[in-house]
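Residue-level structural notes
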Amino acid sequence: MPCLALELDMSVDEEIRKNYNPSKLELESLPPLPMVKPDSQPVQKPPLEVIDIPDANPIGSLPPLTPADKKPVISKIDKSTAIRIKKGTKFTVKSQQAVSDATRSGSRLSFVSQKSVTQRYVTIPQGTVFKGEVYNSHLPQLSGNGGLIVIGIDSMVFRGSTVGIEAKITKANHKKIFFNNIKGKRTYWKSTANSLKPGTKFYKKMMRTTSKLADGTFTVILTPFTVVAGVAVYAVNFVGSPLFGLFGKGGRISIPAGSEFEIKLLEDVYL
C-alpha cells in the first residue's frame with residue numbers, strides 16, 4: 001500500500017541535554033512568581049440584569065379563537081381500505097351559532113346532527129359535528145333584492161378524526177334552499193305596489209272634492225279641474241311605479257342559533 005512517513009532524529013534532544021541543563025536555564029531565565037495573599041472573603045459577582053423584551057404580537061392584544069374560528073385539520077384517508085358514504089346522503093342538523101346576511105364571509109360555523117344515519121358497514125351517530133364556512137353574504141340591496149347567505153359544509157368530526165366533505169344546505173329553518181343560496185324576501189313588486197299609494201290617495205281625494213264641488217251651483221264649473229288633476233297624478237304615479245320600485249330594498253335574513261338545517265353530500269365521503 002502506498003503511504004507517507006516522516007523519520008524523526010531524536011538524538012538532537014540527547015545532545016542538548018548533555019551540553020545544557022534545562023532545569024537550570026528555567027530557574028535563571030524566568031522571574032520568580034509574586035507572593036499573593038489569599039483573600040478570606042469570596043468574590044461576589046454582580047447580579048445579572050433581567051431585561052423584559054415585549055412580544056411583537058402579544059397574546060393579550062388578540063381576540064381568543066373559538067373552535068368554530070379555526071380551519072379544520074383534515075385527516076388523510078386511504079380510499080382502498082375506507083368505508084364509503086354515498087353522494088346525496090342527507091343529515092338533519094342544528095346550528096350552534098346565529099347567522100344573518102350581516103355575517104362576514106369566511107366566518108366558521110358548526111352544526112350538530114339530530115338523527116343517526118346508517119349506511120353499509122357504518123352508522124353516523126346522532127351528535128356528530130359538521131363544520132362549514134360562510135362563502136358569501138350581503139345585506140338587502142336596491143331593486144328589491146333581499147339579503148344573501150351562502151354556506152358550504154367542508155368537514156365533519158367522526159370518531160375523533162376530522163374528515164373532509166363537500167356538502168351544501170338544502171333546508172334552512174324548515175324552508176327549502178335552492179342553489180345553496182339562502183335569500184331574503186324579494187320585495188320589488190311590493191315596493192312597486194307601495195309606490196302607487198300616494199297617487200291612489202291623491203286621486204281619491206280629488207274625486208271627493210269633485211263630488212263636493214258638483215253640489216254647488218257655481219262650484220260645479222270647477223269639477224273638471226279636480227278630475228283632471230286627480231287622473232293626471234294617478235297616471236304619472238302608475239307609469240313611474242316600476243321605476244320607483246327599484247329604490248326599495250329586499251328583506252333581511254336572520255337565523256338564530258339552534259335552527260334546523262338539512263345538509264346534502266355533493267361527493268362520496270370515505271371513512
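The following refers to the structure shown. None of these values were measured; they are calculated from a predicted model. (Residues numbered from 1 in each chain as written. Predicted model: local features only at pLDDT ≥ 70, side-chain atom pairs only at ≥ 80, totals over all residues. Heavy atoms only, no water.)

Within this structure, the stated rule accounts for 2 aromatic pairs. Relative to Phe-130, the ring of Phe-91 lies with its centre 4.9 Å away and its plane at 45 degrees, an arrangement referred to as tilted. Of this pair, Phe-91 sits in strand E2 (residues 90-95) while Phe-130 sits in strand E7 (residues 129-138), and the two are 39 residues apart along the sequence. With 5.3 Å between their ring centres and 70 degrees between their planes, Phe-111 and Phe-261 make a pair best called edge-to-face. (Phe/Tyr/Trp six-rings, centres within 6.5 Å; stacked < 30°, edge-to-face > 60°. Helix = DSSP H or I, 4+ residues; strand = E, 2+ residues; numbered from the N terminus.)

In terms of strand pairing, E2 meets strand E13 (residues 260-265) through 5 bridges, oriented antiparallel. Along E13, the bridge assignment pairs Lys-90 with Lys-264. Taken together, the 5 bridges between strand E9 (residues 161-172) and E13 define a ladder with antiparallel strand orientation. When the bridges of E13 are listed, Lys-171 appears paired with Glu-262. (Pairing = 2+ DSSP bridges.)

What follows deals with a nonpolar patch on the surface. Side chains of Tyr-203, Val-227, Val-231, Tyr-234, Phe-238 and Val-239 sit close together on the surface and give an oily, nonpolar patch of about 520 Å² of accessible area. Top contributing element to the nonpolar patch by residue count: helix H5 (residues 223-244), with 5 residues. On the basis of relative accessible area, Tyr-234 is assigned to the partly exposed category, the value being 31%. (Patch = residues over 30% accessible without salt bridge, like charges linked within 9 Å, V, L, I, M, F, W, Y side chains within 5 Å. Areas by Shrake-Rupley, 256 points an atom, 1.4 Å probe, with all protein chains shown as cover. Salt bridge = Lys/Arg side-chain N within 4 Å of Asp/Glu carboxyl O. Buried < 20%, exposed > 50% of the residue type's maximum accessible area, 1.4 Å probe, protein only.)

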